[in-house]
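Summary of the model geometry
This is what each chain is made of:
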Amino acid sequence: MKRTRSNVPNPDIRILKVSSCSSLSGKSTLTYQVGCNAESNICFRVTDNTGGGFFNDEWVAFDAIQQAFDKQPKNRPIVSHILLALFEGRSLNSPAFLLAVLQAEGLVKPLGEKKRGYERTDPAGFMAEIKKRMNSSIDLKAEEGKQPSESTVQPAKRGGKAKASSDKATAPTN
């Protein structure tokens, strides 16, 4: 995992979902989060990459993604490059990683046989799932770069008892 830290302040985001997916190349697995802010604006971010590629871990607003897609001419496929302006920093992998996340969430799909070309899909299913999570008490406090897991037993420290702890919420992550 090679993360590029941004200078952009980290907004107060309620994490609704932590999941993983393959990168577009299929060479690595990405861990990502879907969250919302106090105004219910949906955001995405990649938190881990099993491959060697750098990436930005900043939150990207769903509205900004949709606006970037809207700028693309209707007769042209969506490619990761159109998402580059959404990231501050040096990583050229971040737009492709975000596109992989959007594909995993069902928001884009490959465009026929064209390599690297995608098209938007109806976001209704995604929005229904996220609204349901927003209306619940889910607020995953996942550590950056790690996916929520079951409780784990922590070793005893200096004569203390070993204790079971959940380092993250056990709410559903899919």
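Here is a short report on the structure shown in this document. Model, not experiment: these values are computed from the prediction.

The next subject is the overall build of the protein. What the protein contains, in helices and strands, is three helices and 10 strands. Seen in sequence order, the protein has helices and strands lined up from the N terminus as β-β-β-β-β-β-α-α-β-β-α-β-β. Within the span of the protein, comprising 174 residues, buried residues form 40% of the whole. As displayed, the protein offers around 10,200 Å² of accessible surface, 49% of which is attributable to carbon and sulfur atoms.

Taking burial as the measure, the 11 residues of helix α2 (residues 94-104) include eight buried ones, the bulk of the element. Buried within α2 we find Ser94, Pro95, Phe97, Leu98, Leu99, Ala100, Val101 and Leu102. One or two residues past the end of α2 sits Gly106, with phi positive at roughly 80°.

A separate point is the sheet that holds strand β6 (residues 60-61). Ordered in space as β2-β3-β4-β6, the four strands form an open sheet in which the pairing is antiparallel. Each edge of the open sheet is held by one strand with a lone partner, namely β2 (14-22) and β6. In this sheet, β6 lies alongside strand β4 (residues 42-49) in antiparallel orientation, the contact comprising two bridges. In the sheet register, Phe44 faces β6, and the bridge partner there is Val60. Against the sheet, α2 contacts β2, β3 (29-36), β4 and β6, and its axis sits at roughly 115° relative to β4.

This brings us to the pairing of β2. In the sheet, β2 pairs with β3 via eight bridges, with the strands oriented antiparallel. Bridged to Arg14 within β3 is Cys36. Hairpin connection, β2 to β3: the antiparallel pair is bridged by six residues, and Gly26 has positive phi, about 80°.

Summed over all chains, the structure comprises five salt bridges. With a closest N to O distance of 3.0 Å, Glu105 and Lys17 form a salt bridge. Of this pair, Glu105 sits in the loop between α2 and β7 (108-110) while Lys17 is found in strand β2, placing the two residues 88 residues apart along the sequence. According to the relative accessible area criterion, Glu105 is buried, its value standing at 9%. The class for Lys17 is buried, based on a relative accessible area of 7%. A salt bridge links Arg120 to Asp70, with the nearest nitrogen and oxygen atoms 2.8 Å apart. With Arg120 in strand β8 (residues 118-120) and Asp70 in helix α1 (residues 62-71), the pair connects residues that are 50 residues apart, well separated along the chain. Residue class for Arg120 comes out partly exposed when judged on its relative accessible area of 32%. What makes Asp70 partly exposed here is its relative accessible area of 47%. Beyond isolated ion pairs, a larger network of salt bridges with shared partners links Lys17, Glu105, Glu129 and Arg133.

Cut-offs used in this document
- Residues numbered from 1 in each chain as written.
- Predicted model: local features only at pLDDT ≥ 70, side-chain atom pairs only at ≥ 80, totals over all residues.
- Heavy atoms only, no water.
- Helix = DSSP H or I, 4+ residues; strand = E, 2+ residues; numbered from the N terminus.
- Buried < 20%, exposed > 50% of the residue type's maximum accessible area, 1.4 Å probe, protein only.
- Areas by Shrake-Rupley, 256 points an atom, 1.4 Å probe, with all protein chains shown as cover.
- Pairing = 2+ DSSP bridges.
- Contact = heavy atoms within 4.5 Å.
- Axes fitted to C-alpha atoms, helices over the stretch in contact; angles between N-to-C directions.
- Salt bridge = Lys/Arg side-chain N within 4 Å of Asp/Glu carboxyl O.

Geometry only, nothing functional implied.
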